[in-house]
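Structure assessment
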Amino acid sequence: MNRLPLEDIALAPASCLGTLSWVGMEHIALPLQVAGQGVIGYASAGVSLDDPTARGIHMSRLYLALAELEERELSLSLVAGVLKNFLDSHAELSSNAFLDLGGEVLLKRPALISPLAGWKGYPFTLHCRRDDQGFEAILDLTVGYSSTCPCSAALSRQLIQQAFDEDFTDMPVSREAVRAWLGSEQGILATPHSQRSQAHLSVRLAEGQDELPLLSLVDRTERALGTALQTAVKRIDEQAFALANGQNLMFCEDAARRLHQALREQPGTDGFRLRVVHAESLHAHDAVARSEWNWGEGRP
Ligand SMILES: Nc1nc2c(ncn2[C@@H]2O[C@H](COP(=O)(O)OP(=O)(O)OP(=O)(O)O)[C@@H](O)[C@H]2O)c(=O)[nH]1
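- The name that an unreviewed UniProt entry assigns to the chain is GTP cyclohydrolase FolE2, with the source organism given as Billgrantia bachuensis.
- Its UniProt record gives the chain a comment under Function (unreviewed entry), which states: "Converts GTP to 7,8-dihydroneopterin triphosphate."

1. Observations concerning the sheet that holds strand 2 (residues 37–49)
- If you walk across this open sheet you meet the 8 strands as 1-2-3-4-5-6-7-8, and the pairing is antiparallel. The sheet is open, and its two borders are formed by strand 1 (20–34) and strand 8 (287–293), each paired with just one other strand. Each neighbouring strand pair of the sheet contributes to a mean axis angle of 15°, computed without reference to strand direction.
- Relative to strand 5 (residues 134–148), helix 5 (residues 214–225) is tilted by about 35°, and along the sheet it contacts strand 1, strand 3 (97–110), strand 4 (117–131), strand 5 and strand 6 (194–205).

2. Points about the environment of Asp 140
- Within the fold, Asp 140 resides in strand 5.
- Spatially, the C-alpha atoms of Asp 140 and Phe 124 are 5.3 Å apart, while their sequence positions differ by 16 residues.
- Apart from the residues within four sequence positions on either side, Asp 140 is in contact with Pro 123, Phe 124, Thr 125, His 127, Leu 201 and Ser 202.
- At a separation of 2.8 Å, a polar atom in the side chain of Asp 140 contacts the side chain of His 127.

3. Overview of the site of the ligand
- In the region of the ligand, the neighbouring residues are Asp 8, Gly 56, Ile 57, His 58, Met 59, Ser 60 and Arg 61.
- Protein contact buries 42% of the 640 Å² of open area that the ligand shows by itself.
- Partitioned by chemical class, the residues of the shell around the ligand number 2 nonpolar, 3 polar and 2 charged.

4. Overview of the nonpolar core
- Counting 62 residues, the largest nonpolar core has Leu 66, Leu 69, Phe 86, Leu 99, Leu 126 and Val 276 as the members making the most contacts within it.
- If you tally residues by element for this core, the top one is helix 2 (residues 76–88), at 7 residues.
- Beyond its immediate chain neighbours, meaning those up to four positions away, Leu 99 contacts Ala 43, Ser 44, Ala 45, Leu 66, Leu 69, Val 79, Val 82, Leu 83, Phe 86, Leu 126, His 127 and Cys 128.
- The next biggest cluster of nonpolar side chains, apart from the first, holds 5 residues, and it includes Ala 163, Phe 168, Val 178 and Trp 181.

Rules of the game
Along each chain, residues carry numbers from 1 onward, in the same order as the chain's sequence is written. In keeping with the predicted nature of the model, local features appear solely for residues at pLDDT of at least 70, side-chain atom pairs appear and are counted solely at 80 or more, and the whole-chain, interface and lining totals rest on all residues. Water and hydrogen atoms play no part in the side-chain values, which are based on all heavy atoms of the structure. UniProt positions are given in the numbering used here, feature names are shortened, and annotations may be inferred rather than shown by experiment. If DSSP finds at least two bridges between two strands, the strands pair. Counting from the N terminus, the helices are the DSSP runs of H or I reaching at least four residues and the strands are the DSSP runs of E reaching at least two. Where helices are involved, their axes are fitted lines through C-alpha atoms of the stretch in contact, as for all axes, and angles between N-to-C directions lie from 0 to 180°. Whether two residues touch is decided by their heavy atoms; if any such pair falls within 4.5 Å, the residues are in contact. Whenever two N or O atoms come within 3.5 Å, that pair is a polar contact, provided that in protein one can donate a hydrogen and the other can accept it, and provided that, for residues adjacent in sequence, both atoms are side-chain atoms. Any residue with a non-hydrogen atom lying within 4 Å of a molecule or strand is treated as near it. The accessible surface values rely on the Shrake-Rupley method and a 1.4 Å probe; as for residues, cover is taken only from the protein chains in view. Throughout, the ten residues Ala, Val, Leu, Ile, Met, Phe, Trp, Tyr, Cys and Pro are labelled nonpolar, Asp, Glu, Lys and Arg are labelled charged, and all others, Gly among them, are labelled polar. By convention a nonpolar core is built from buried Ala, Val, Leu, Ile, Met, Phe, Trp, Tyr and Cys residues, the set being connected through side-chain atoms within 4.5 Å. Burial here depends on accessible area, computed with a 1.4 Å probe over protein chains only, as a share of the maximum for the residue type. Under 20% is buried, over 50% is exposed, and the range in between is partly exposed.

The following block contains the structure:
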């Protein structure tokens, strides 16, 4: 076995000089705990390389610092401690530290009416950085929902009215006849286009916030939209879902405005950016709307 001291290239002077904004490792597997659930997580860990003559950073020191996060409920104070460790272990090299932690948290969600429940995945990424402006944490979260087009619904209603006029021209209009007609396929001969849709949220967490507001953000988002994707569904649940879609007809503009209002009331946040994507069944492209509050372009 080699008894000579191991050469450390990272300590050698750089042949090509220059500072770097971010050096580290991406897609590091890491078991996380979020909202009480174990998450198959992945981390991207990095620091700035401020010394233009230094050949390299010390990757293992970043990697080993991540152990602090293993299988402990993820909190901002935990992350801040890891970022401090990154900078302490690179005192002479770096002034900025970065940590992104992502995965998909599974939450058990109740059915609309029946006493059932099922699991649904919510992809998230927590982007954290520590620099001369202090500590910043931004939580990205994606929530799926259903959207039904209000214009398509209006056009469908018109066709149903025309069909009613044609079917009831030369016959007495009795309550029974109309009721039977409404219960037939003729009474719903046109249906509005509806589609699975996604709300992509980026929320900046306020100073002093420690807990990750992931569950409260999911609840607030699904409440604001009114048409959350379902898990366990019996016919009674499906009927309630049909009613929810009929009562919450949404253009992408409507969904974005609802979410903007809802996020403005989310405690523990001081800015957000949102983007809703309706993968419309009407055409092969998506209808998209964006909104933000107190976001600025200062940081990505
Ligand atoms: N900086 C840097 N290191 C790399 C890269 N690719 C692989 N490494 C290796 O990352 C390993 C870990 O680096 P260090 O943390 O400095 O390892 P070490 O020198 O044994 O540990 P310390 O004594 O704490 O510095 C080294 O063996 C490097 O060669 C790279 O692109 N950049």
